[in-house]
Amino acid sequence: FNAYDFRAKDLGNAYTKLNNLSLAAMGFRDELVKSGILRKNGMAYIGRDGVAVITMVKDPRAKEARFNFTKPMAMHEIRHGLYFTNPNFRAEVQKIYNGLSFQSKTFVKTWLKNKGYDVNNLDLLIREFAAYFVQGLAGEKIGNDLQVAGDKLLEIEEPYVAELFGKKVPDRSLDSV
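This section reports on the structure supplied with the text. Note that the structure is predicted; figures quoted are calculated from it, not measured.

Cut-offs used in this document
- Residues numbered from 1 in each chain as written.
- Predicted model: local features only at pLDDT ≥ 70, side-chain atom pairs only at ≥ 80, totals over all residues.
- Heavy atoms only, no water.
- Helix = DSSP H or I, 4+ residues; strand = E, 2+ residues; numbered from the N terminus.
- Buried < 20%, exposed > 50% of the residue type's maximum accessible area, 1.4 Å probe, protein only.
- Contact = heavy atoms within 4.5 Å.
- Areas by Shrake-Rupley, 256 points an atom, 1.4 Å probe, with all protein chains shown as cover.
- Core = buried A, V, L, I, M, F, W, Y, C linked by side-chain atoms within 4.5 Å.
- Expected span 1.5 Å × (residues − 1).
- Polar contact = N/O pair within 3.5 Å; in protein donor to acceptor, adjacent residues only side chain to side chain.
- Pairing = 2+ DSSP bridges.

Some remarks on the overall build of the chain
Step number 1: Each helix and strand in the chain was counted, giving seven helices and four strands.
Step number 2: Secondary structure of the chain in N-to-C order comes out as β-α-α-β-β-β-α-α-α-α-α.
Step number 3: Expressed as a percentage of its 177 residues, the buried residues of the chain come to 38%.
Step number 4: Look at the contacts in the chain between residues 6 or more apart in sequence, and 59% of them connect residues 24 or more apart.
Step number 5: Accessible surface, the chain as shown: approximately 10,600 Å² in total, 53% of it carbon and sulfur.

What follows is the structure, given as C-alpha cells:
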C-alpha cells in the first residue's frame, strides 16, 4: 500500500507499545508530538480525540502509476479521515453499508479481501467500502444497490468535504480543489 490512515489514539497506543523504532518512525512520532496530535505522558503517548492522520507516498522512482500519489488516492484517504473524525459521517456510512443486500456485502468483502484487507475487522471493512465504492470500480460489474450506495456515499460526503475545502468537489477527485 502507498497510503495510510490512522486515528491519533491508535498512533499513540502504537508508539507506546513499540520498541526499537527506526529513525524515520521516531522523527514522525516527534513531529506528531510537536504538532499536538500526540502528547507524551510519562512513557506513554496519547493521541488527541477526534484527530486522524492520513499519509500518501509519492515515489518519483516508481515506474507504475499505482505507486505514485494521485488525486483520487488523496480523496480516498480524506474519506478515511472523515470516517475517523466525524461521528455523523461514520454513522451515515455504516447505515449505507448495513442497508446493502447480502449479495452486495459478499461482493464488497471478496473484493476487499482480494486487495489484502482484513474483512473480519468490521470497522476497516466499512471504512474501506466508503473510500473505494464512492469512487466507483473501473471495469467491475457491480450490483445496482452498490451503484446506488456509491451515489449515496458521494451525496453524504459532499457537505463534509465542502467544510474541509470550502467548496464542493463535484467529480469525485481533487481536481477542483
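Quick word on the environment of Ala-74
Step number 1: Its place among the elements puts Ala-74 in helix α3 (residues 71–85).
Step number 2: Sequence separation of Ala-74 and Ile-54 is 20 residues, and the distance between their C-alpha atoms is 8.8 Å.

Comments concerning the nonpolar core
Step number 1: Counting residues in each nonpolar core, the largest one holds 30 residues, and the members touching the most others are Val-93, Val-108, Leu-112, Phe-129 and Leu-153.
Step number 2: Within the residue set of this core, elements represented by two or more residues are α3, α4 (87–98), α5 (102–114), α6 (122–133) and α7 (144–165).
Step number 3: Among the nonpolar cores identified, the runner-up in size contains 10 residues, and Leu-11, Tyr-15, Leu-38 and Tyr-45 belong to it.

Quick word on the environment of Tyr-160
Step number 1: Tracing the backbone shows Tyr-160 in helix α7.
Step number 2: A relative accessible area of 14% places Tyr-160 in the buried class.
Step number 3: As a C-alpha pair, Tyr-160 and Phe-89 span 71 residues in sequence and 7.9 Å in three-dimensional space.
Step number 4: What Tyr-160 contacts, discounting residues up to four positions off in sequence, is Leu-82, Asn-86, Asn-88, Phe-89 and Glu-92.

As for the side chain of Arg-29
Step number 1: Considering the arrangement of structural elements, one finds Arg-29 in helix α2 (residues 23–34).
Step number 2: Under the relative-accessibility criterion, Arg-29 is labelled buried at 13%.
Step number 3: In contact with Arg-29, not counting residues within four places along its chain, are Tyr-15, Leu-21, Leu-38 and Tyr-45.

Regarding α6
Step number 1: The terminal C-alpha atoms of α6 lie 16 Å apart, and with 12 residues this matches the ideal 16 Å at 1.5 Å per residue to within 8%.
Step number 2: For α6, the buried fraction is high: 10 of the 12 residues fall into the buried class.
Step number 3: Every buried residue belonging to α6 is among Leu-124, Leu-125, Ile-126, Arg-127, Glu-128, Phe-129, Ala-130, Ala-131, Tyr-132 and Phe-133, and all of these are buried.
Step number 4: Summarising the contacts, the buried residues of α6 are in contact with β1 (3–7), α3, α4, α5 and α7.
Step number 5: Regarding α6, its N-cap is Asn-121, as a side-chain oxygen of that residue lies 3.2 Å from the backbone nitrogen of Asp-123 further along.

Some remarks on the pairing of strand β2 (residues 38–41)
Step number 1: In this sheet, strand β3 (residues 44–47) lies alongside β2 in antiparallel orientation, the contact comprising four bridges. Counterpart to Lys-40 in the pairing with β3 is Tyr-45.
Step number 2: Between the end of β2 and the start of β3, which pair antiparallel, lie two residues, with Gly-42 showing a positive phi angle near 65 degrees.

Observations concerning the environment of Gln-94
Step number 1: The residue Gln-94 is located in helix α4 in this model.
Step number 2: Considering only alpha carbons, one finds Gln-94 and Phe-129, 35 residues apart in sequence, at a separation of 9.6 Å.
Step number 3: Sequence-distant contacts of Gln-94, that is, excluding residues within four places in its chain, are made with Tyr-83 and Ile-126.

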